[in-house]
Amino acid sequence: MKNSVTTLAAFLLMLMHNNASATVAMSFSDDLKSIPFGKTNTEIITWLEDLKELAVYEDRAASVNKFFCFSALQPFFSSGVQKNKKQEPQFHSHFVKKYIVERCHSAFPYTFRLDLYFVRGTEQKYTLLMAHRVCRVESGAMKDIFRQELEAREKKFGNPDNVWKTFYGTCGNDERNESALPARVAQYINENGYVFFMMNDNGMLQFKEFLYVCSEGWSSYLRQLERGKERE
């Protein structure tokens, strides 16, 4: 009986450890190491749906207008973006799946919304390509909140590799559009990929946004587009 109790206790401890490891592996924070690049859409979406509180649904158009409207980001992603009939930017849905996660603040603190993009790989499996995270609203001037975030990130990640004053609302159109808002973007680069920190000026109510990009996944996506063009 004693051995059975000991075995059961050991099993429960192992299960708790595995669950904790899974939670860490599936985290979406401001560190690229915590983003579950390489995991499939089935693994991630199943895990998210098990959290109950979240609302998860697929965007079959694979739209990118939420982040592509930052003018400074367009040179990085335009080679993988096409326009639909409404002239809205999107990834090629034949190669990319997109899921939108809402009501996620309880699972991911300070997070208002997540957009997850998965690139098609071998055996028709889709692995995480990028994650776009929109944080909850904050009050104050954009330039002050942006500067404070850069200072906080400097302690963890050092200075950004690039910082731009740019516009939001252009979505690939002329950035002199009168409706475009002033915006700022910072870029961090490491061996795993890129992090973009973005804000646009909403007056006194601001959203901090982060785009986490797997460089290997992005290269794979562009190679598939090239092969598709060659077959046409």
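What you are looking at is a predicted structure, and each value in this text was computed from that prediction instead of being measured. (Residues numbered from 1 in each chain as written. Predicted model: local features only at pLDDT ≥ 70, side-chain atom pairs only at ≥ 80, totals over all residues. Heavy atoms only, no water.)

Undergrad: For this particular structure, what's the right way to read the pattern of salt bridges?
TA: Opposite charge on two side chains makes pairing possible when the charged atoms of those side chains draw close. For the coordinates displayed, the defined rule picks out 10 salt bridges. For the salt bridge of Lys208 with Glu138, the shortest nitrogen-to-oxygen distance reads 3.2 Å. Of this pair, Lys208 sits in the loop between strand E11 (205-206) and strand E12 (209-214) while Glu138 sits in strand E7 (residues 138-139), placing them 70 residues apart in sequence. Classification of Glu138 as partly exposed rests on a relative accessible area of 29%. If you follow the salt bridges from partner to partner, you end up with Asp59, Lys98, Glu102, Arg113 and Asp115 in one network. (Salt bridge = Lys/Arg side-chain N within 4 Å of Asp/Glu carboxyl O. Helix = DSSP H or I, 4+ residues; strand = E, 2+ residues; numbered from the N terminus. Buried < 20%, exposed > 50% of the residue type's maximum accessible area, 1.4 Å probe, protein only.)

Undergrad: Got a minute to help me understand the side chain of His132 in this structure?
TA: Take His132: it is sitting in strand E6 (residues 126-135). At 2.8 Å, the side chain of His132 and the side chain of Glu209 are in polar contact. Contact partners of His132, with chain neighbours within four places excluded, come to Lys66, Phe67, Arg113, Leu114, Asp115, Met198, Glu209, Phe210 and Leu211. (Polar contact = N/O pair within 3.5 Å; in protein donor to acceptor, adjacent residues only side chain to side chain. Contact = heavy atoms within 4.5 Å.)

Undergrad: Explain the packing of aromatic side chains to me, please; I cannot follow it from the model alone.
TA: For the structure shown, the criterion picks out 20 aromatic pairs. Ring geometry for Phe197 against Phe210: centres 5.1 Å apart, planes inclined by 20°, an arrangement best described as stacked. You can see Phe197 sitting in strand E10 (residues 193-200) and its partner Phe210 sitting in strand E12, a full 13 residues away along the chain. Given a relative accessible area of 3%, Phe210 falls into the buried group. Positioned above the aromatic ring of Tyr126 is the side chain of Lys97, whose terminal nitrogen or guanidinium carbon lies 5.0 Å from the ring centre. The side chain of Arg153 reaches across the aromatic face of Tyr188, ending 4.4 Å from its centre. (Phe/Tyr/Trp six-rings, centres within 6.5 Å; stacked < 30°, edge-to-face > 60°. Lys NZ or Arg CZ within 6 Å of the ring centre and 35° of its normal.)

Undergrad: Explain the environment of Val137 here, please?
TA: The residue Val137 is located in the loop between E6 and E7 in this model. For Val137, a relative accessible area of 41% gives the class partly exposed. In this structure the C-alpha to C-alpha distance between Val137 and Leu205, which are 68 residues apart in sequence, comes to 6.2 Å.

Read these as spatial facts, not as claims about activity.
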